[in-house]
Amino acid sequence: MNDASPKEVGLCDASSVLEGAPQRHECRGTSVIVLRAEGALHVYANRCPHRGTELDWLPGRFLDPAGKHLQCATHGALFRPDTGECIAGPCRGQALAAAPFAVRDGRVVLEAG
Ligand code: FES
């Protein structure tokens, strides 16, 4: 059930987004990453700023072996989950694109951007 307005797309229940367990969702023909870091929700485009590829190792698998950072499967860039900033790799200093979102009635909804 999606009670978001036509300019919004419901992604998931906010309560289902747990620390250390980023989720992949499809939206408007593209893929986004929904995650929780230090209690706060974040939504990023699933697109590496280096070459524009999706980050997942396997569908929905984003974390490095230590489970602390998002890691691009293509060349291994590492990204902070709380800011999307690349801290190591070929796109160091760049960042994942944050997607505008809100939480409405407990649902994470992507806003028109
Ligand atoms: S495409 Fe992500 S590090 Fe190169």
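Just so it is clear, the structure is predicted and the values come from calculations on it, not from any experiment.

Caption draft 1: Quick look at the sheet that holds strand β3 (residues 30-37). If you walk across this open sheet you meet the three strands as β2-β3-β4, and the pairing is antiparallel. Each of the sheet's edge strands pairs with one partner strand only, and the pair in question is β2 (23-27) and β4 (40-45). Sheet twist, expressed as the mean angle between neighbouring strand axes with direction ignored, is 30°. As defined by bridge partners, β3 adjoins β4 across six bridges and the pair is classed as antiparallel. Residue pairing across strands places Arg36 opposite Leu41, the latter belonging to β4.

Caption draft 2: Spotlight on the sheet that holds strand β7 (residues 86-88). Pairing within the open sheet is antiparallel, and its three strands lie in the order β5-β6-β7. Strand pairing shows two members of the sheet lacking a second neighbour, β5 (70-71) and β7, which therefore form its edges. Relative to β7, strand β6 (residues 78-79) runs antiparallel, the two sharing two bridges. Residue Phe79 lies in a different strand from β7, and its bridge partner there is Cys86.

Caption draft 3: Here's a closer look at the nonpolar core. Membership of the largest hydrophobic core comes to 14 residues, with the highest contact counts inside it found for Leu55, Leu70 and Phe79. Broken down by element, this core gets its largest block of residues, three residues, from β3. Beyond its immediate stretch of four places on either side in the chain, Leu55 contacts Ile33, Asn46, Arg47, Cys48, Phe62, Leu70, Gln71, Cys72, Ala73, Phe79 and Leu96. Counting residues in each nonpolar core, the second largest holds twelve residues, with Val17, Cys27, Val32 and Ala99 among its members.

What counts and what doesn't
- Residues numbered from 1 in each chain as written.
- Predicted model: local features only at pLDDT ≥ 70, side-chain atom pairs only at ≥ 80, totals over all residues.
- Heavy atoms only, no water.
- Pairing = 2+ DSSP bridges.
- Helix = DSSP H or I, 4+ residues; strand = E, 2+ residues; numbered from the N terminus.
- Axes fitted to C-alpha atoms, helices over the stretch in contact; angles between N-to-C directions.
- Core = buried A, V, L, I, M, F, W, Y, C linked by side-chain atoms within 4.5 Å.
- Buried < 20%, exposed > 50% of the residue type's maximum accessible area, 1.4 Å probe, protein only.
- Contact = heavy atoms within 4.5 Å.

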